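Inside the fold
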Amino acid sequence: MSTPSSPLPVAVLGVGSLGSALARALLAAGHPTAVWNRTPARTEPLVGAGAAAAPSPREVIRAAEVVVVAVADEAAVRAVLEPVASALTGRVVVALTSGTPEQARDLAAWVERHGARHLDGAAMSGVRLVGDPEALFLYAGRADAFAAAEPALRALGGATYLGPDPGVASLYD
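We now turn to the structure provided with this report. (Residues numbered from 1 in each chain as written. Predicted model: local features only at pLDDT ≥ 70, side-chain atom pairs only at ≥ 80, totals over all residues. Heavy atoms only, no water.)

Now for the packing of helix α4 (residues 74–81) against helix α5 (residues 101–113). Between α4 and α5, the least distance of the axes is 10 Å, while the angle of their chain directions is 15°. Between α4 and α5, the crossing angle belongs to the class labelled roughly parallel. When the axes of α4 and α5 are compared, the crossing they make is left-handed. Contacts between α4 and α5 pair Glu74, Val77, Arg78 and Leu81 from the former with Gln103, Ala104, Asp106, Leu107 and Trp110 from the latter. Tallied by class, residues from the contact of α4 with α5 come to five nonpolar, one polar and three charged. (Axes fitted to C-alpha atoms, helices over the stretch in contact; angles between N-to-C directions. Helix = DSSP H or I, 4+ residues; strand = E, 2+ residues; numbered from the N terminus. Parallel < 35°, antiparallel > 145°, perpendicular 65-115°, else oblique. Left-handed = near helix turned anticlockwise from the far one by under 90°. Contact = heavy atoms within 4.5 Å. Nonpolar A, V, L, I, M, F, W, Y, C, P; charged D, E, K, R; others polar.)

Most of strand β7 (residues 136–141) is tucked away, with five of its six residues classed as buried. Where strand β6 (residues 117–123) lies against β7, five bridges are found, and the strand directions are antiparallel. Paired with Ala123 across the bridge in β7 is Phe137. Here four bridges tie β7 to strand β8 (residues 158–161), and the two strands are oriented parallel to one another. (Buried < 20%, exposed > 50% of the residue type's maximum accessible area, 1.4 Å probe, protein only. Pairing = 2+ DSSP bridges.)

On to the environment of Ser170. Its location among the elements puts Ser170 in helix α7 (residues 168–172). For Ser170, a relative accessible area of 8% gives the class buried. For the pair formed by Ser170 and Ala72, sequence separation is 98 residues and the distance between their alpha carbons is 14 Å. Ignoring any residue separated from it by four or fewer positions in sequence, one finds Ser170 in contact with Gly99, Thr100, Pro101, Ala104 and Asp120. Separated by 3.0 Å, the side chains of Ser170 and Asp120 make a polar contact. (Polar contact = N/O pair within 3.5 Å; in protein donor to acceptor, adjacent residues only side chain to side chain.)

This part covers helix α1 (residues 17–28). Helix length check: α1, at 12 residues, gives a terminal C-alpha distance of 17 Å against a target of 16 Å (1.5 Å per residue), a fit within 8%. Among the 12 residues of α1, nine are classified as buried, and the element is accordingly described as predominantly covered. Those residues of α1 that fall on the buried side of the exposure criterion are Leu18, Gly19, Ser20, Ala21, Leu22, Ala23, Ala25, Leu26 and Leu27. Just downstream of α1, Gly30 is the residue with a positive phi angle, here 90°. (Expected span 1.5 Å × (residues − 1).)

A word on the packing of α1 against helix α6 (residues 143–156). Relative to each other, α1 and α6 sit at 110°, their axes nearing to 8 Å. Taken as axis vectors, α1 and α6 run roughly perpendicular relative to one another. For the element pair α1 and α6, the recorded crossing hand is right-handed. In this structure, α1 contributes Leu22, Ala25 and Leu26 to the contact, and α6 contributes Ala152, Ala155 and Leu156. For the contact of α1 with α6, the class distribution of residues is six nonpolar, no polar and no charged.

Okay, the environment of Thr43 next. For Thr43, the position within the fold is in the loop between β2 (33–36) and α2 (44–48). With relative accessibility at 6%, the residue Thr43 sits in the buried group. Along the chain, Thr43 and Val15 lie 28 residues apart, while their C-alpha atoms are 6.8 Å from each other. What Thr43 contacts, discounting residues up to four positions off in sequence, is Val15, Val35, Trp36, Asn37 and Ala53.

And the structure:
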């Protein structure tokens, strides 16, 4: 694992407008960044910016300590992660997606059962400010998961930890 001062290897699953902005901010901050999208052509601009593209979620997860999932909703998170659940062991999974507090809690429990730590997140400033210190991201879930992922999360913008209940960030979203 990385030391607190070294760059964290990060995977970004889903590189639509938010996921692409997240990957670019991570790259700009020096974090080795691997990307995956169900439409592989969407990863090409990020590869040109220095990201590594992987042909499957399993491979992109294996390249990372922190796994950021930026897909449409909790159902999409499950659709991407369930087939590769065994690859999550030992990682921090950050779900930056829309959902209810109950869905965030259910996802957190599922991630934990697969040997990973979970954070639920909310991008409060939208896509435009990602990477700017003025951007506001809220996170909730395990404190040790936030501490482990914090260097990468700070690359995205202001990272505010709301506490151990993974459903809290969804309340603000």
